[in-house]
Amino acid sequence: MKDKIMSLKEAIELYVEDGDLIGIGGLSFWRKATAATREIIRQKKKNLGVVSFVGGICADMLIGAGCLDRIRTSFIGMELFGLAPNHRRAVGAGQIKVFEETEATIALGLKAIYLKLPFLPLRGLLETDILKVRDDIKEFNCPLTGDKLVACPPIQVDVAIIHVPYADEKGNGNIQGPVWLDDDLAKTAKKTIVTCEKIVETEDIIHFQGKGQIPMQKVDAVVKVPFGAHPTSCFPFYTYDADHMMKYIQYCQTADGFKEYEKEYIAVASHEEYLEKIGGIKEILKIMT
Amino acid sequence: MKDKIMSLKEAIELYVEDGDLIGIGGLSFWRKATAATREIIRQKKKNLGVVSFVGGICADMLIGAGCLDRIRTSFIGMELFGLAPNHRRAVGAGQIKVFEETEATIALGLKAIYLKLPFLPLRGLLETDILKVRDDIKEFNCPLTGDKLVACPPIQVDVAIIHVPYADEKGNGNIQGPVWLDDDLAKTAKKTIVTCEKIVETEDIIHFQGKGQIPMQKVDAVVKVPFGAHPTSCFPFYTYDADHMMKYIQYCQTADGFKEYEKEYIAVASHEEYLEKIGGIKEILKIMT
Amino acid sequence: MVDYTTDELLTILMARQVTNKDVMIVGVATPIVWSAFTLAKVTHAPDAIFHYLMGNTFVWEARQVSLLWLELGAASRCHRLHNTGECTLELLPHDILTTIEFFRPAQIDQFGNTNNTVIGDWHKPKVRLPGAAGIPDFSGLYSAGQHLYVPRHDKRTFVPAEKLFFRSGVGFVDGTRPLTDYGLIGRGPKFVITNLAYLDFDPKEHRMRIKTVHPGVTVEKVQENTGFELLKAPDLKETKPPTETEVRILREKVDPLGIRKLEVLTGKERAELLEEIIRKEYSRVDRMPPRL
Amino acid sequence: MVDYTTDELLTILMARQVTNKDVMIVGVATPIVWSAFTLAKVTHAPDAIFHYLMGNTFVWEARQVSLLWLELGAASRCHRLHNTGECTLELLPHDILTTIEFFRPAQIDQFGNTNNTVIGDWHKPKVRLPGAAGIPDFSGLYSAGQHLYVPRHDKRTFVPAEKLFFRSGVGFVDGTRPLTDYGLIGRGPKFVITNLAYLDFDPKEHRMRIKTVHPGVTVEKVQENTGFELLKAPDLKETKPPTETEVRILREKVDPLGIRKLEVLTGKERAELLEEIIRKEYSRVDRMPPRL
């Protein structure tokens, strides 16, 4: 078996290309692959798209850094802390293309890939304006009953990037908290990068609740990055860093402000340096569960 | 919460009506709700249908006893031991209606119910004769790409009957081995009867691998029937009884033969009597894993 | 009469809508909804089940509402009962179970159509909102009717149909035809609970109407804060106020940190409360939001 | 030359088709297939993964083939690696992984169309067969091509298209057009391994041809036992026989009970072997089919 364990730098260099549609796992503040996202920004990747069930700081940072030209989420925000600042600004200025998605259009778009289907039907979206801004989603009549339905197209992700608490060297990833659509992202993407808190034995994966929801056959790179989801959470190790989230939003009140944030927290020499910058052991102890 | 724990007799009386389409869980020789099936036969239910991902002795006994008028399986048989004898005979004589199913038509038929869809598409079945014998499955063109596809209709099960190793009094069922389509059967049927080897605490269900794959909200009756899947298996407690399977096939070489089997093994006063009849403790020890 | 705040009134009125047979879908960043469901569970609906998006799971037990330790309450191995197989698809409202969910619209019109997508033109938005998540998928499907709430009842939120910037949630469409004509199989919006009133929809005209006004609020005040003409239910009366028990359980057990208030407060007051909650939660020594 | 039996030849030829990157779908009641995959895994394809229908699961390790303790080998908590979410739907052949599965047809025609449904007219069958399971769903989808095997090569199985009673698996249809014309996206049947020969399909005519004949078998004998005219590959030669190592590992480690033979033997011989296997397996004291 090819060696899948590598550094974050190698993984992003090898598997993320300009123009790719990236599938980022997790949900808003929870288990987002932020370390991988910062590396993408450091490598100055361009014209990327992001698809995320519920987007958060990853997509927002990529927008701020100018790496994205399109976004596909059903929701993107900072939960009770506010709107995603770079996203709000860039969309307002028409700088990125929005594919207006919903929970079902993403879930079905991924399912269509592994069912090898050119569409999946939905009894939803009817009479909403989603249909006015998505010309690739169409109303049609059920071939059996004539009922009005909506056809959702497949979503082919180029690279899935998923942060998990545990992975083995073969690429099996175990998620201890909620999985959301991360398994479907990994299973349907052309390439998959897994970042993890710990690398464990395959036997461990087999014994964990949920086993290997991210299957080895679909994983190209396994990267160990402890606290690699900060400032979002990684259950069961740590929760999200509310203070850093607020600091991020504060910085991002202007485009220049994000540039300062980028200089301070993203353009660092190493993940260790990042962890020092965000407050070191004191901050880490604060978020430990 | 209403009391869901009851006797097998009560559960079948309350929830199985003549004419119902019954969804039986498990797969051929594995974790079939045989005790519940024998009770249905004792109660002389009529004009039932059976839908089963892979059918086995339950459907075959119901056919032999004259309880069924239709069958929907992708496969039904006795694995390496031979064909399902009553099924073969009844279909040959035109006594029951066959809905020619496949793995996907059943899987999608159930999924369509909980997606509230009047059909689900499949890229399969094209150019097969399934389409000639199922006029409710139709070819159509993808509303987005024009690709040739096939539309599969929903399958609305009236009563799902699932045998599981563990259930709690609320109706949560935990399956330790393979689940197959049992969770979808339970989730989409109008009513669900769970038979189980052991009744445990909800806390136990939460700690078992797989948790409560059969959700309490969908369960109407919980019936404790140890060895309630004999002569099929119930992992992790016992495997199937190959000797009894062969004996069954032997009996069923003729329709009269099945009647003898029915008299001997089905028309008994209790499940305990059945277990004595099949060989008592000696047979049970043989199949224990 | 018992003393209560707006957030408490809202939460309690929403809790009363829960029945003992419900599956209660808890989204993210909606602490009023979570508090309402939890209050219902520990008072009149002990058999209701949580379905956490934040956990992809059914949960039987109730825990205290939390801002930071949400995963511990909702996703913990020792707490969740069932791993739902498919995110979103299993959340689809079910006919057999009375699945309920509360949506909070950024805009709503007289027919109950809602917008959570954008303020201004979609192509050149004044404010791009987070998005409507699953609302466009599910809003037309609820056989128990759509449940809506609005913590700040004003003319920015309650707008006439022609001023709804984007229809991301479907209500009674234009009110002229039965929903089945549009291919919708749900019952349409059931009610909107606000800080001023309990609004429902006229069964014939499919237009929003005042069903009850909250204690101390006049019908005129509700109308003044609404951007379209409200109908009035023939039996229009005053909302039954929170009871002492409801208020006490909500304050002391369900949400003692007041996280629900983050949906109601604004500005400095909100910022201070947020800071206070964060400090309190990070300094917990008992780790897990307590079981109730 | 090494001594081998027909079941060993078949199993070994099938094992050779497995590559190190494959996901090997193991159905039920197909011990030849299971033996072949297990043999491949412990010889030349150590990274191949089992996908057991009997277990709904991916499994990394190989265990001895078993008739009675199948769930212990395939479904045991301590053995399975991944719970596949959706029965059948995740079994769909994947483009990125080279998912493989071996189908055993009851009838097959010159274009590789197969029947596992019925002998005689479907409406009034002479023999109702168990059914085609997932073959009608998947047969047109394999990007790596469909893998087929026939343990008893005779004219009852190899029939001309007009005598195929029911087309439950799709091959090259009538051979006249590219598969995409029929809406099929797979590569069609790749090969049929039988007790007499290795057959593949002419890339232009889409008709079955003899690629290699097994040691001691003549081309004439293969043709005589086939109900339609077989083409001959330009490089037609003799099948490379099993090696001593392949035979030894299969016999001693993979399937020492000879369960695979149940797919080849008939009548009394089969009944006796079946009884013997059952007695041996029920009397195991070590409980679990050993890891290999």
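Residues numbered from 1 in each chain as written. Chains lettered and ligands numbered in written order. Predicted model: local features only at pLDDT ≥ 70, side-chain atom pairs only at ≥ 80, totals over all residues. Heavy atoms only, no water.

Some points on the confidence of the model for chain C
Predicted confidence across chain C gives a mean pLDDT of 90, with 89% of residues reaching 70 or more. As scored by the predictor, the complex reaches a pTM of 0.95 and an ipTM of 0.94. (pLDDT = per-residue confidence, 0-100.)

A few points about a nonpolar patch on the surface
Residues and elements named next belong to chain A. Residues I281, L285 and M288 make up a contiguous nonpolar surface patch of about 330 Å² in total accessible area. Tracing the chain through its elements places I281 in helix α12 (residues 280-287). Looking at I281, the relative accessible area reads 65%, which means it is exposed. (Patch = residues over 30% accessible without salt bridge, like charges linked within 9 Å, V, L, I, M, F, W, Y side chains within 5 Å. Areas by Shrake-Rupley, 256 points an atom, 1.4 Å probe, with all protein chains shown as cover. Salt bridge = Lys/Arg side-chain N within 4 Å of Asp/Glu carboxyl O. Helix = DSSP H or I, 4+ residues; strand = E, 2+ residues; numbered from the N terminus. Buried < 20%, exposed > 50% of the residue type's maximum accessible area, 1.4 Å probe, protein only.)

Quick notes on helix α7 (residues 267-282) of chain C
Over its 16 residues, α7(C) runs 23 Å from end to end, which matches the ideal 22 Å to within 8%, given 1.5 Å per residue. Lining the buried residues of α7(C) we find α9 (242-251) and α12 of chain A. (Expected span 1.5 Å × (residues − 1). Contact = heavy atoms within 4.5 Å.)

Considerations on the sheet that holds strand β5 (residues 120-122) of chain B
All names here are of chain B. Spatially, three strands are ordered β5-β7-β6 in an open sheet, and the strand pairing comes out antiparallel. Both edges of this open sheet fall to β5 and β6 (138-141), since each of them pairs with a single strand only. Across the sheet, the mean angle from the axis of one strand to that of its neighbour is 45 degrees, orientation sign disregarded. For β5 and strand β7 (residues 148-152), the ladder comprises three bridges, and the chain directions are antiparallel. Within the sheet, the bridge partner assigned to L120 lies in β7 and is C152. Here helix α5 (residues 103-114) sits on the sheet in contact with β5 and β7, set at roughly 155 degrees to β5. (Pairing = 2+ DSSP bridges. Axes fitted to C-alpha atoms, helices over the stretch in contact; angles between N-to-C directions.)

Focus: the packing of aromatic side chains
Applying the stated criterion across every chain yields a total of 50 aromatic pairs over all chains. Aromatic ring contacts, followed pair by pair, group A:Y248, A:Y251, A:F258, A:Y261 and A:Y265 into a single cluster. Between the NZ or CZ atom of A:K97 and the centre of the ring of A:F99, over which it lies, the distance is 4.8 Å. Over the face of the ring belonging to C:W60 we find C:K41, whose NZ or CZ atom lies 3.7 Å from the ring centre. (Phe/Tyr/Trp six-rings, centres within 6.5 Å; stacked < 30°, edge-to-face > 60°. Lys NZ or Arg CZ within 6 Å of the ring centre and 35° of its normal.)

Quick word on the packing of helix α2 (residues 34-42) of chain B against helix α3 (residues 57-64) of chain B
Residues and elements named next belong to chain B. Interhelical geometry of α2 versus α3 gives an angle of 10 degrees and a closest axis separation of 10 Å. Between α2 and α3, the angle falls in the class roughly parallel. Touching T34, T37, R38, I40 and I41 of α2 are I57, C58, M61 and L62, all from α3. Classifying every residue of the contact of α2 with α3 gives six nonpolar, two polar and one charged. (Parallel < 35°, antiparallel > 145°, perpendicular 65-115°, else oblique. Nonpolar A, V, L, I, M, F, W, Y, C, P; charged D, E, K, R; others polar.)

Overview of the side chain of A:D243
Turning to its location among the elements, A:D243 is positioned in helix α9. If we ignore the near neighbours within four places in the chain, the residues touching A:D243 are A:K286, C:I278, C:R279 and C:Y282.

Brief notes about unusual backbone geometry
All names here are of chain A. Cis geometry marks the peptide bond from H230 to P231, where omega comes out at 5 degrees. Tracing the backbone shows P231 in the loop between β11 (221-224) and α9. Backbone geometry places E127, a non-glycine residue, at a positive phi of 65 degrees. Mapped onto the fold, E127 is located in the loop between β5 (120-122) and α6 (130-133).

Let's talk about the domain arrangement of chain A
Frequently, the measure chosen for interface size is the accessible area that the parts lose on association. In terms of domains, chain A is made up of domain 1 (8-100 + 156-287) and domain 2 (124-153). The straight-line distance from the C-alpha centre of domain 1 of chain A to that of domain 2 of chain A is 32 Å. (Domains from an automatic or database assignment.)

Description of the interface of chain A and chain C
On the side of chain C, 56 residues touch chain A, which itself brings 53 residues to the contact. With both sides pooled, the region where chain A packs onto chain C buries about 5,000 Å², and carbon together with sulfur makes up 63% of that total. At the boundary of chain A with chain C, the tally comes to three salt bridges. In this structure, A:E100 engages C:R128 in a salt bridge whose closest nitrogen and oxygen atoms are separated by 2.8 Å. At the junction of chain A and chain C, the tally comes to 19 residue pairs in polar contact (both at pLDDT 80 or more). Every element with two or more residues in the side of chain A that touches chain C is listed here: α4 (85-92), β4 (97-100), α5 (103-114), α6, α9 and α12 of chain A. (Buried area = accessible area lost by both parts, 1.4 Å probe. Polar contact = N/O pair within 3.5 Å; in protein donor to acceptor, adjacent residues only side chain to side chain.)

Re a negative patch on the surface
A surface patch of negative charge is lined by A:D3, A:E169, A:E201 and A:D204. With respect to the helices, strands and loops of the structure, A:E201 is situated in the loop between β10 (191-199) and α8 (202-207). (Lys, Arg positive; Asp, Glu negative; His and termini not counted. Charge placed at Lys NZ, Arg CZ, Asp CG, Glu CD.)

Side note on the packing of helix α2 (residues 34-42) of chain A against helix α10 (residues 255-266) of chain A
Residues and elements named next belong to chain A. It is at 11 Å that the axes of α2 and α10 come closest, and there the two elements cross at 110 degrees. What the angle tells us is that α2 and α10 run roughly perpendicular. In this structure, α2 crosses over α10, and the sense of that crossing is left-handed. When α2 is examined against α10, the residues R38, I41 and R42 are found in contact with a partner set consisting of E262, Y265 and I266. (Left-handed = near helix turned anticlockwise from the far one by under 90°.)

Brief notes about the nonpolar core
Grouped together as the largest cluster of nonpolar side chains are 388 residues, with contacts concentrated most on A:F81, B:F81, C:L67 and D:L67. Contact partners of C:L67, with chain neighbours within four places excluded, come to A:W30, A:L80, A:F81, A:Y240, C:I259, C:L262, C:L274, C:I277, C:I278 and C:E281. (Core = buried A, V, L, I, M, F, W, Y, C linked by side-chain atoms within 4.5 Å.)

Brief notes about the environment of C:T99
All names here are of chain C. Note on placement: T99 falls in strand β5 (residues 98-100). We classify T99 as buried; its relative accessible area is 6%. Spatially, the C-alpha atom of T99 lies 29 Å from that of F165, the residues being 66 residues apart in sequence.

Details of the pairing of strand β8 (residues 159-167) of chain B
All names here are of chain B. By the criterion of burial, β8 is predominantly enclosed, with nine of the nine residues buried. In this sheet, β8 lies alongside strand β1 (residues 21-24) in parallel orientation, the contact comprising three bridges. Counted as the bridge partner of G23 is A160 from β8. Inspection of the sheet shows β8 paired to strand β10 (residues 191-199) by eight bridges, in the parallel sense. Looking at the pairing, Y166 lines up with K198 of β10. Note that β8 and strand β9 (residues 173-174) share two bridges and pair antiparallel. Its bridge partner lying in β9, A167 is registered against G173. Counting the residues in the hairpin turn of β8 and β9 gives five residues, including G171, whose phi is positive at 110 degrees.

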